Amino acid sequence: MSTPDITLASGHAIPQLGLGTWMLRGQQCKDVVKEALELGYTHLDSAWMYENQDAIGQVLKEIGADRDSLFITSKIWHSHLEYEATLEQMEEILRDLQTEYVDLLLIHHPGHQGVPVERTLAAFEKIHAAGQAKSIGISNFSIEQTDRARAATGLPICTNQVEYHLRHNRERLRHHCHAHNVVLTAHRPLAQGDLAQDEALKQVAAEHGKTPAQVALKWLLQKDMIVIPKASSTAHLRDNLDLFDWQIGDEEMARLDGVGADPD
Ligand SMILES: NC(=O)c1ccc[n+]([C@@H]2O[C@H](COP(=O)([O-])OP(=O)(O)OC[C@H]3O[C@@H](n4cnc5c(N)ncnc54)[C@H](OP(=O)(O)O)[C@@H]3O)[C@@H](O)[C@H]2O)c1
């Protein structure tokens, strides 16, 4: 079954499921990305800081991937938020990925070293105008930081990629971002594999004949979020694709909502 898309404020479509690639490096990264694409993944989440973009670029070239059928996200690290440094890091990202553009470029973390977001976003505007990033966004931004980023550029801030999972249910942030057409992407959606023993998840999973991890991801999808679980085993890669022809009921969603409500 193919992954549904969400249309971003830029007008471009993003597959609602992507493969997280943090901690995948070298040959393992190449093997996992190749297998994921064979299984039907079309969306890869990467970052300059993951030190794997050269491996991703190499494997995409080796297998002759059709670039336009893929959605690739990258992120500018907080050491490079000044205007010129952002442009330099972008060149490195494109060189390593062996591509002319990324589909989505994010500020990986807000304002380290006191660089105002306006300066980084000015570089993002140049990158966007050059066709090197089709859409732009932010990551790990609070409500206030999101609003400042939105006000700082004429380009739409399409996504905010934040830690979001059953034990970190950030409804206020989600409602605020979605009200302003900033789609939330849930990073660490499985709490790094930590949710498997959660009793509420286990119950709902048993009711649907699914695994707790699948229910944890489905709960996020039904909140109209993008999910980017990292998986390296074939079984996990397959399980995480099997999310789109079943539904969690309203009462079950409410039960799961209660597990980790967060004032944020
Ligand atoms: N923007 C940011 O600051 C930021 C921060 C953190 C992460 N991220 C992004 O978000 C992605 C995901 O986060 P994450 O890698 O930290 O953690 P995660 O996706 O929450 O968890 C990954 C762990 O879950 C396991 N897993 C995957 N699918 C499973 C399944 N169906 N059943 C049981 N276990 C399963 C994986 O095992 P196996 O590997 O053994 O399959 C791995 O140990 C990252 O890879 C990265 O792309 C972004």
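This text goes with the structure placed above it.
Colleague: I'm lost on the site of the ligand in this one. Help?
Modeller: Around the ligand, the surrounding shell holds 27 residues, and the nearest of these are G20, W22, L190, A213 and K230. Classifying every residue of the shell around the ligand gives nine nonpolar, 14 polar and four charged.

Colleague: Quick question: what am I supposed to make of the sheet that holds strand β4 (residues 43-45) here?
Modeller: Taken in spatial order, the eight strands line up as β3-β4-β5-β6-β7-β8-β9-β10 in an open sheet, and their pairing is parallel. In this open sheet, the two strands that pair with only one neighbour each are β3 (19-20) and β10 (226-227). Alignment of strand β9 (residues 183-187) against β10, held across two bridges, turns out to be parallel. Looking at the pairing, T185 lines up with I226 of β10.

Colleague: What am I meant to see in the nonpolar core here?
Modeller: In globular proteins that are soluble, nonpolar side chains generally tend to be buried together. Judged by nonpolar contacts, the single largest core of 68 residues is most densely connected at L105, A216, L220, M225 and V227. For this core, the leading source of residues is helix α8 (residues 212-221), giving seven residues. Other than its neighbours up to four places away in sequence, M225 contacts Y164, L184, T185, A186 and L220.

Colleague: Looking at this structure, how should I read the pairing of strand β7 (residues 133-139)?
Modeller: Sheet faces and side chains relate simply in a regular strand, where the side chains alternate between the two faces. Burial runs high along β7: six of the seven residues are buried. The pairing of strand β6 (residues 102-107) with β7 spans five bridges and is parallel. The residue bridging I107 from the neighbouring strand is I138, located in β7. When β7 meets strand β8 (residues 157-163), the two strands line up parallel, connected through three bridges. When the sheet's bridge partners are listed, S139 is paired in β8 with Q161. With respect to chirality, the unit in which β7 leads through helix α5 (residues 143-152) into the neighbouring parallel β8 is right-handed.

Colleague: Help me understand unusual backbone geometry, please; the structure alone is not making it clear to me.
Modeller: A negative phi angle is the norm for most residues apart from glycine, just as the trans form is the norm for most peptide bonds. One non-glycine residue, Q98, adopts positive backbone phi at about 55°. Within the fold, Q98 resides in the loop between α3 (83-97) and β6. Although it is not a glycine, R188 adopts a positive phi angle of roughly 55°. Note that R188 resides in the loop between β9 and α7 (199-208).

Colleague: Can you help me understand the packing of helix α2 (residues 53-62) against α3 in this one?
Modeller: Geometrically, a packed helix pair is captured by the angle between its two axes and the distance between the axes. Viewed as axis vectors pointing N to C, α2 and α3 meet at an angle of 40°, and their least axial separation amounts to 6 Å. Classed by the angle they form, the pair α2 and α3 counts as oblique. Residue-level inspection shows Q53, D54, I56 and G57 of α2 in contact with α3, the latter providing I93, D96 and L97. Tallied by class, the residues present in the contact of α2 with α3 amount to three nonpolar, two polar and two charged.

Thresholds, definitions, all that
Residues numbered from 1 in each chain as written. Predicted model: local features only at pLDDT ≥ 70, side-chain atom pairs only at ≥ 80, totals over all residues. Near = placed C-beta within 6 Å. Nonpolar A, V, L, I, M, F, W, Y, C, P; charged D, E, K, R; others polar. Pairing = 2+ DSSP bridges. Helix = DSSP H or I, 4+ residues; strand = E, 2+ residues; numbered from the N terminus. Core = buried A, V, L, I, M, F, W, Y, C linked by C-beta atoms within 7 Å. Buried ≥ 20, exposed ≤ 12 C-beta atoms within 10 Å, placed from the backbone. Contact = placed C-beta atoms within 7 Å. Right-handed = clockwise from strand over helix to strand, strands pointing away. Axes fitted to C-alpha atoms, helices over the stretch in contact; angles between N-to-C directions. Parallel < 35°, antiparallel > 145°, perpendicular 65-115°, else oblique.

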